[in-house]
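# Architecture and fold: a report
Spelled out, the chains give:
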Amino acid sequence: MTKLNPELLPDCYLHRTKANDVARVEARTLICTPTKEEAGPTNHWMDPDECYKMLYDIARDSYKGRTMYVLPYSMGPVGSPFSKIGIEVTDSIYVVLNMCIMTRVGQAVLDCLGDSDDWVRGLHAKCKIDAENRWIVQFPQDNTIISVNSGYGGNVLLGKKCFALRIASYQGWKEGWQAEHMLILGVEFPNGDVKYICAAFPSACGKTNLAMLIPPEYYRKKGYKVWTVGDDIAWIRKGPDGRLYAINPENGFFGVAPGTNDKSNPNALASTKRGAIFTNVALNKDNMTVWWEGLDKNPPENGLDWLGNDWNGKTSTEVGANPNSRFTAPAVNCPCLSSEFENPNGVPISAFVFGGRRAKLAPLVYQSKDWDNGVFVGSIMASEKTAAAVGKVGELRRDPMAMLPFCGYNMGDYWQHWIDIGKTLDPDKAPKIFNVNWFRKSDDGKFLWPGFGDNLRVLEWILKRCEGEIDAKETPIGYVPYAEDINLEGIEDEVSRETLASILEVEPELWKEEAAGIEEYYAQFGDKLPPVLREQLENLKAAL
Ligand code: OXD
Ligand code: MN
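### Some words on the overall build of the protein chain
Along its length, the protein chain carries 15 helices and 29 strands. Relative to a compact globule of 544 residues, whose C-alpha radius of gyration would be 24 Å, the protein chain shows 23 Å and is just as compact. By its C-alpha atoms, the protein chain is 65 × 55 × 40 Å across when sized along the principal axes. A total of 544 residues make up the protein chain; the buried ones form 60% of that total. Pairs at least 24 apart in sequence give 71% of the contacts found in the protein chain among residues at least 6 apart. Summing over all exposed atoms, the protein chain offers an accessible surface of approximately 21200 Å²; the carbon and sulfur share of this is 50%. Where the 59 positive side-chain charges of the protein chain centre and where its 73 negative ones centre are 3 Å apart.

Laid out in structure tokens, this is it:
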């Protein structure tokens, strides 16, 4: 690790992983349940006994001559009724330092745990960072995670994706709560009321930007504010008043660096100014600061690229930072961190929002007809692939609730769990469920919606719908806004009413093709597909 400029970036470090080890590896991420059916068709599976043997054979002796670190950590505020404890054993100081940012680590956790056996076992061994022997393995029934031959964030910070999503989703299923790949934000209205939204997007769809949204000037002047509770994961339970409450189990942000700048996300940038770790970005050797594509127009001339090679950002045709380079930043640094961040009882949720990257088809926003229809809307999420996971960028993949790589059990059972949760909620108290698509493009490939801070205009419509304050147009897919009901004040030059109307359009012909795609996707779940979702699909087809 390279220590960065102590004046400009106090207590900050740069770390480079091996070139073969820069992203999560889904093909090598396993859910080891006693039967393959428990893991389901969307997870990679291996027999647990066979897998333990394989992993111990790979890792045996790999700690010899190295330092072993033992990290007791809490996901969620220590002692909160939502929180869970893990212990990670690792031979990587990078893991230790990152976990100290991303989770709550230390003696208080052990004091809280006492002699309880309710903790998640995590074993990480860097071994030789051999891509052919890299495995990220969850054993949900054993509360155990084993990760070998990687030193990259999402594969080795076991509290995050492995525990807080894969193991926790399984725990939530068994215990009646939910672990979701969702940001949590609060919108403060001029009268001081704050309403909370949980939103799920596939990796690198601007989730961190939305979580830290800066209201457009027009809204700022009126007194609107947005507060960040979490940018990636939400743990959700029913509260004593019958509403759903969410906490962010993490304590920091593991954000995608490229594209993060003063305009796109000043709050995230501010969060990285102290006590942060940068992974696989470029180094400016003159002042020992960091740089990535999209930070500013001033790449270092005397730099090192993410591989550690000499790099002149002004003349080189190669990128300086890996497209999936990251910052690990303490949540407390974030200027818009919610005052409820440490609230052990979480925040009440008004709306769930699902989203994805679709150049066509999905309108800017629509509201599901009811809870079950909302579960359907989440289950059919699809997005054009990004750089956060290994694979071809741009191709479409279905990513239900953005949980495809993170659901620790059969996706069919997971959908049924959503439906069952809905049955326990009074419809007046249940969050309303929406879908958004910030990424609609014109035929010549231009984005039609400005996105970023202006997404607040859509959140405002969503929250008005939750309060029953505004009408909407019923369509075969759900309720769509009337174009005049989305506030365009301040961006009329950028987005005309006609353009807005065009991205609110529901085109039955395209949706019929989509329904055929959903049918094909659903087929793999066989009997595990909840009957409610099959019915929802039939209803959609009939309505189209
Ligand atoms: C992430 C991801 O890193 O979803 O948050 O890939
Ligand atoms: Mn994520």
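From this point, the discussion proceeds with the structure in view.
### Digging into a negative patch on the surface
Together, E489, E492, D493 and E494 make up a region of like negative charge exposed at the surface. Tracing the backbone shows E489 in the loop between strand 29 (478-480) and helix 13 (497-502). Assessed through its relative accessible area of 39%, E489 is described here as partly exposed.

### Side note on the coordination of the manganese ion (ligand 2)
Taken together, the protein donors to the manganese ion (ligand 2) comprise K161 (NZ), H181 (NE2) and D232 (OD), at separations of 2.1 to 2.2 Å. Donor residues for the manganese ion (ligand 2) sit on one chain with the sequence pattern K-x19-H-x50-D. Pair noted here: K161 is in helix 6 (residues 159-175) and D232 is in the loop between strand 13 (225-230) and strand 14 (234-238), with a separation of 71 residues, a long-range link. Looking at D232, the relative accessible area reads 9%, which means it is buried.

### Comments concerning the site of ligand 1
In the vicinity of ligand 1 lie eight residues, with R24, K161, H181, S203 and R326 positioned nearest. Side-chain polar atom of D232 to an oxygen atom of ligand 1: 3.3 Å apart, as the coordinates give it. Between R326 and ligand 1, the recorded distance is 2.9 Å, taken from a side-chain N or O atom to an oxygen atom. In terms of residue class, the shell around ligand 1 is built from two nonpolar, two polar and four charged.

### Things to note about the nonpolar core
Looking at soluble globular proteins, one finds that nonpolar side chains tend to be buried together. If you look at the biggest cluster of nonpolar residues, it comprises 153 residues, and the most contacted ones within it are F278, W449 and I462. Looking at which domains feed residues into this core, each of domain 1 (24-175) and domain 2 (180-252 + 340-526) gives three or more. With 15 residues, the next largest nonpolar core counts L30, M46, C51 and W135 among its residues.

### Focus on the domain arrangement of the protein chain
Taken domain by domain, the protein chain comprises domain 1 (24-175) and domain 2 (180-252 + 340-526). Relative placement of domain 1 and domain 2: their C-alpha centres are 29 Å apart. With 36 residues of domain 1 at the interface, the matching set in domain 2 holds 39 residues. Of all residues in domain 1, R24, F82 and W173 bury the most surface against domain 2, accounting for 24% of the area lost on that side. Our enumeration of links across domain 1 and domain 2 arrives at five salt bridges. Summed over the shared surface of domain 1 and domain 2, the number is 19 residue pairs in polar contact (both at pLDDT 80 or more). Every element with two or more residues in the side of domain 1 that touches domain 2 is listed here: helix 1 (36-39), strand 4 (69-75), helix 3 (93-102) and helix 6. Here the element with the most residues in the side of domain 1 that touches domain 2 is helix 6; it accounts for 11 residues. Classifying every residue of the side of domain 1 that touches domain 2 by side-chain character gives 17 nonpolar, 10 polar and nine charged.

### Describing the pairing of strand 8 (residues 135-139)
In terms of burial, strand 8 is largely enclosed, as five of its five residues are buried. Neither face of strand 8 is open: one carries W135, V137 and F139, the other I136 and Q138, and all of them are buried. Sheet analysis places strand 3 (residues 29-31) next to strand 8, joined by three bridges and oriented parallel. Paired with T29 across the bridge in strand 8 is I136.

### Quick look at the packing of aromatic side chains
In this description, an aromatic ring pair is defined by two values, namely the gap between the centres and the angle between the planes. Following the criterion strictly, the structure yields 27 aromatic pairs and no others. With 6.1 Å between their ring centres and 20° between their planes, Y52 and Y56 make a pair best called stacked. With a gap of four residues between them, Y52 and Y56 both fall in helix 2 (residues 48-59), about one helical turn apart. For Y52, a relative accessible area of 17% puts it in the buried group. The class for Y56 is partly exposed, based on a relative accessible area of 41%. When the centroid spacing of 6.1 Å and the interplanar angle of 65° are considered together, the rings of Y73 and F163 count as edge-to-face. Taken as a pair, Y73 in strand 4 and F163 in helix 6 lie far apart in primary sequence, 90 residues in all. The buried category is assigned to F163, whose relative accessible area is 0%.

### Side note on the sheet that holds strand 20 (residues 303-304)
Read across the sheet, four strands follow the order 19-18-20-21 without closing on themselves; strand pairing throughout is antiparallel. Bordering the open sheet on either side are strand 19 (289-291) and strand 21 (310-311), each of which pairs with just one other strand.

### A short note on the packing of helix 14 (residues 508-523) against helix 15 (residues 531-543)
Between helix 14 and helix 15, whose axes approach to 10 Å, the crossing angle comes to 160°. Considering the angle they form, helix 14 stands roughly antiparallel to helix 15. Viewed along their axes, helix 14 and helix 15 form a crossing whose handedness is left-handed. Facing A515, I518, E519 and Y522 of helix 14, the residues of helix 15 in contact are L533, R534, L537, E538, L540 and K541. Split by residue class, the contact of helix 14 with helix 15 holds six nonpolar, no polar and four charged.

What counts as what
- Residues numbered from 1 in each chain as written.
- Chains lettered and ligands numbered in written order.
- Predicted model: local features only at pLDDT ≥ 70, side-chain atom pairs only at ≥ 80, totals over all residues.
- Heavy atoms only, no water.
- Helix = DSSP H or I, 4+ residues; strand = E, 2+ residues; numbered from the N terminus.
- Rg over C-alpha atoms; globule rule 2.2 N^0.38 Å.
- Buried < 20%, exposed > 50% of the residue type's maximum accessible area, 1.4 Å probe, protein only.
- Contact = heavy atoms within 4.5 Å.
- Areas by Shrake-Rupley, 256 points an atom, 1.4 Å probe, with all protein chains shown as cover.
- Lys, Arg positive; Asp, Glu negative; His and termini not counted.
- Charge placed at Lys NZ, Arg CZ, Asp CG, Glu CD.
- Patch = residues over 30% accessible without salt bridge, like charges linked within 9 Å, V, L, I, M, F, W, Y side chains within 5 Å.
- Salt bridge = Lys/Arg side-chain N within 4 Å of Asp/Glu carboxyl O.
- Donors = N, O, S within 2.8 Å, 3.2 Å for Na, K, Ca; no water.
- Near = heavy atom within 4 Å.
- Polar contact = N/O pair within 3.5 Å; in protein donor to acceptor, adjacent residues only side chain to side chain.
- Nonpolar A, V, L, I, M, F, W, Y, C, P; charged D, E, K, R; others polar.
- Core = buried A, V, L, I, M, F, W, Y, C linked by side-chain atoms within 4.5 Å.
- Domains from an automatic or database assignment.
- Buried area = accessible area lost by both parts, 1.4 Å probe.
- Pairing = 2+ DSSP bridges.
- Phe/Tyr/Trp six-rings, centres within 6.5 Å; stacked < 30°, edge-to-face > 60°.
- Axes fitted to C-alpha atoms, helices over the stretch in contact; angles between N-to-C directions.
- Parallel < 35°, antiparallel > 145°, perpendicular 65-115°, else oblique.
- Left-handed = near helix turned anticlockwise from the far one by under 90°.

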